[in-house]
Amino acid sequence: NAGVMQNPRHLVRRRGQEARLRCSPMKGHSHVYWYRQLPEEGLKFMVYLQKENIIDESGMPKERFSAEFPKEGPSILRIQQVVRGDSAAYFCASSPQALSMNTEAFFGQGTRLTVV
Amino acid sequence: GDSVTQMEGPVTLSEEAFLTINCTYTATGYPSLFWYVQYPGEGLQLLLKATKADDKGSNKGFEATYRKETISFHLEKGSVQVSDSAVYFCALIDLAGTALIFGKGTTLSVSS
């Protein structure tokens, strides 16, 4: 059973370009979470999705950022018109059901975005 | 809102030394508590967890006890190895159960 797969592992974008980060959850997992890790910071929750639905996007910046988890295919985190401050590691996690004391989230290896 | 505070790093130890990484939290109720580990260039892996007061989580020689009185979940290991060098994150599940809330992480560096 493959783990959570994120690609690309490294992404370089010029200011103003769009960045698309992909996350394929573990088989059988329908819950996906995106986190951002800035240098010297912990992981900050961005968005929680369940197939075709955004459940909680309280951590998403109001502009330029969007996320989706279609019925078929990976979850996508999209950043439009990237700026240098978007440079960070973006981690995706998945779980078979909503998080609880008995439900573990499994993390991917992350996508390291560098904006130049 | 819910939050986690853990000791600043980096922590530098010699092999076989005793490790403590402090973690305290602020939350409504009594959330489940976790320690995750991130090895260089990798994603996070669950190290251990505790789901109620006085529970002790343990794995790979690491331990942490859920202390309701001191709202703490300190990570300990009696004898660290070079292979334990990593970043350690303390976390809790938020009240809504929608997300893990992480501390800033503590970098551990163990030398032989």
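Everything that follows concerns the structure shown earlier in this document.
A short tour of the structure in this document, coming up. Position labels on residues start from 1 in each chain and follow its written sequence. Chain labels run from A onward and ligand labels from 1 onward, assigned in the order the entries are written. Reporting of local features is limited, given that this is a predicted model, to residues whose pLDDT is at least 70; pairs of side-chain atoms are given and counted only at 80 or more, and all residues count toward the totals for whole chains, interfaces and linings. Only heavy atoms go into the side-chain values, all of them from the structure, while hydrogens and water stay out.

**Some remarks on the overall build of chain A**
No. 1: The way it works is that DSSP assigns letters per residue, a run of H or I at least four long becomes a helix, a run of E at least two long becomes a strand, and they are numbered from the N terminus. In terms of regular secondary structure, chain A is built from zero helices and 11 strands.
No. 2: Starting at the N terminus and walking to the C terminus, you meet the elements of chain A as β-β-β-β-β-β-β-β-β-β-β.
No. 3: Here the C-alpha atoms of chain A give a radius of gyration of 13 Å, agreeing with the 13 Å that 2.2 N^0.38 yields for 116 residues.
No. 4: With the principal axes as the frame, chain A shows a C-alpha extent of 40 × 25 × 25 Å. We compute the radius of gyration from the C-alpha atoms alone; for a globule the expected value is 2.2 Å times N to the 0.38, where N is the number of residues.

**Quick notes on the sheet that holds strand β3 (residues 19–21) of chain B**
All names here are of chain B.
No. 1: Pairing in this open sheet of four strands is antiparallel, and the strands run β3-β9-β8-β7 from one edge to the other. Looking at which strands have only one partner, the edges of the open sheet turn out to be β3 and β7 (56–59). Recorded for the sheet is a direction-independent mean angle of 15° between the axes of neighbouring strands.
No. 2: Pairing between strands is defined by DSSP: at least two bridges between the two strands are required. Of the strand pairs in this sheet, β7 and strand β8 (residues 62–65) are connected by four bridges, and their pairing is antiparallel. Within β8, the residue paired with lysine 56 across the bridge is threonine 65. Think of each axis as a best-fit line through the C-alpha atoms, taken over the contacting stretch in the case of a helix, with angles from 0 to 180 degrees between the N-to-C directions.

**Thoughts on the interface of chain A and chain B**
No. 1: We call two residues contacting when some pair of their heavy atoms lies within 4.5 Å. Across the boundary between the two partners, chain A contributes 22 residues, which contact 20 residues of chain B.
No. 2: Once two parts are put together, the accessible area they lose, assessed with a 1.4 Å probe and summed over both, is termed the buried area. Of the roughly 1700 Å² buried where chain A meets chain B, counting both sides, 55% is carbon and sulfur surface.
No. 3: For the chain A face of the interface with chain B, the top three residues by lost area are Leu43, Met101 and Phe107 of chain A, together amounting to 30%.
No. 4: Here a polar contact is taken to be a pair of N or O atoms separated by no more than 3.5 Å, where protein atoms must pair a possible hydrogen donor with a possible acceptor and residues adjacent in sequence count only if both atoms sit in side chains. The tally of links between chain A and chain B comes to four residue pairs in polar contact (both at pLDDT 80 or more).
No. 5: Residue assignment for the side of chain A that touches chain B shows that the elements contributing at least two residues are β4 (31–37) and β5 (43–50) of chain A.
No. 6: Only Asp, Glu, Lys and Arg are considered charged, only Ala, Val, Leu, Ile, Met, Phe, Trp, Tyr, Cys and Pro nonpolar, and every remaining residue, Gly among them, polar. Here the side of chain A that touches chain B is built from residues that sort into 10 nonpolar, six polar and six charged.

**What to know about the packing of aromatic side chains**
No. 1: When two rings of Phe, Tyr or Trp (its six-membered ring) have centres within 6.5 Å they constitute a pair, described as stacked for plane angles under 30 degrees, edge-to-face for angles over 60, and tilted for the intermediate range. Going through the model one piece at a time under the given rule, you end up with 11 aromatic pairs over all chains.
No. 2: With centroids separated by 6.1 Å and ring planes inclined at 90°, the aromatic side chains of tyrosine 25 of chain B and tyrosine 66 of chain B adopt a geometry described as edge-to-face. Of this pair, tyrosine 25 of chain B sits in strand β4 (residues 23–26) while tyrosine 66 of chain B sits in the loop between β8 and β9 (75–77), and the two are 41 residues apart along the sequence.
No. 3: On the accessibility criterion, tyrosine 25 of chain B (4% relative accessible area) is buried.
No. 4: Here the aromatic residues Tyr35, Phe45 and Phe107 of chain A together with Phe34, Tyr36, Phe89 and Phe102 of chain B are joined through ring pairs into a cluster of three or more. Any residue under 20% of the maximum accessible area for its type is buried, any over 50% is exposed, and the rest in between are partly exposed; the area is computed with a 1.4 Å probe on protein chains only.

**Things to note about the nonpolar core**
No. 1: Grouping buried Ala, Val, Leu, Ile, Met, Phe, Trp, Tyr and Cys residues that are joined through side-chain atoms within 4.5 Å yields what is termed a nonpolar core. Counting 25 residues, the largest nonpolar core has Leu19, Trp35, Leu47, Leu48, Phe73, Leu75 and Tyr88 of chain B as the members making the most contacts within it.
No. 2: Those elements that provide at least two residues to this core are β2 (11–14), β3, β4, β5 (33–38), β6 (44–50), β8, β10 (86–93) and β12 (106–111) of chain B.
No. 3: Considering every element that reaches this core, the biggest residue donor is β10 of chain B, with four residues.
No. 4: Contact partners of leucine 75 of chain B, with chain neighbours within four places excluded, come to Leu19, Thr20, Ile21, Trp35, Leu47, Leu48, Phe62, Glu63, Ala64 and Tyr88 of chain B.
No. 5: Membership of the second largest hydrophobic core comes to 23 residues, among which are Leu11, Val32, Ile79 and Cys92 of chain A.

**Description of the pattern of salt bridges**
No. 1: Each reported salt bridge corresponds to a side-chain nitrogen of Lys or Arg within 4 Å of a carboxyl oxygen of Asp or Glu. One pass over the structure, following the stated rule, counts six salt bridges over all chains.
No. 2: Between arginine 20 of chain A and glutamate 18 of chain A there is a salt bridge, with its nearest N and O atoms 2.8 Å apart.
No. 3: With relative accessibility at 29%, the residue glutamate 18 of chain A sits in the partly exposed group.
No. 4: Between lysine 52 of chain B and aspartate 55 of chain B there is a salt bridge, and its shortest N-O distance comes to 3.4 Å.
No. 5: The structure contains a network of salt bridges with shared partners spanning Glu18, Arg20 and Arg78 of chain A.

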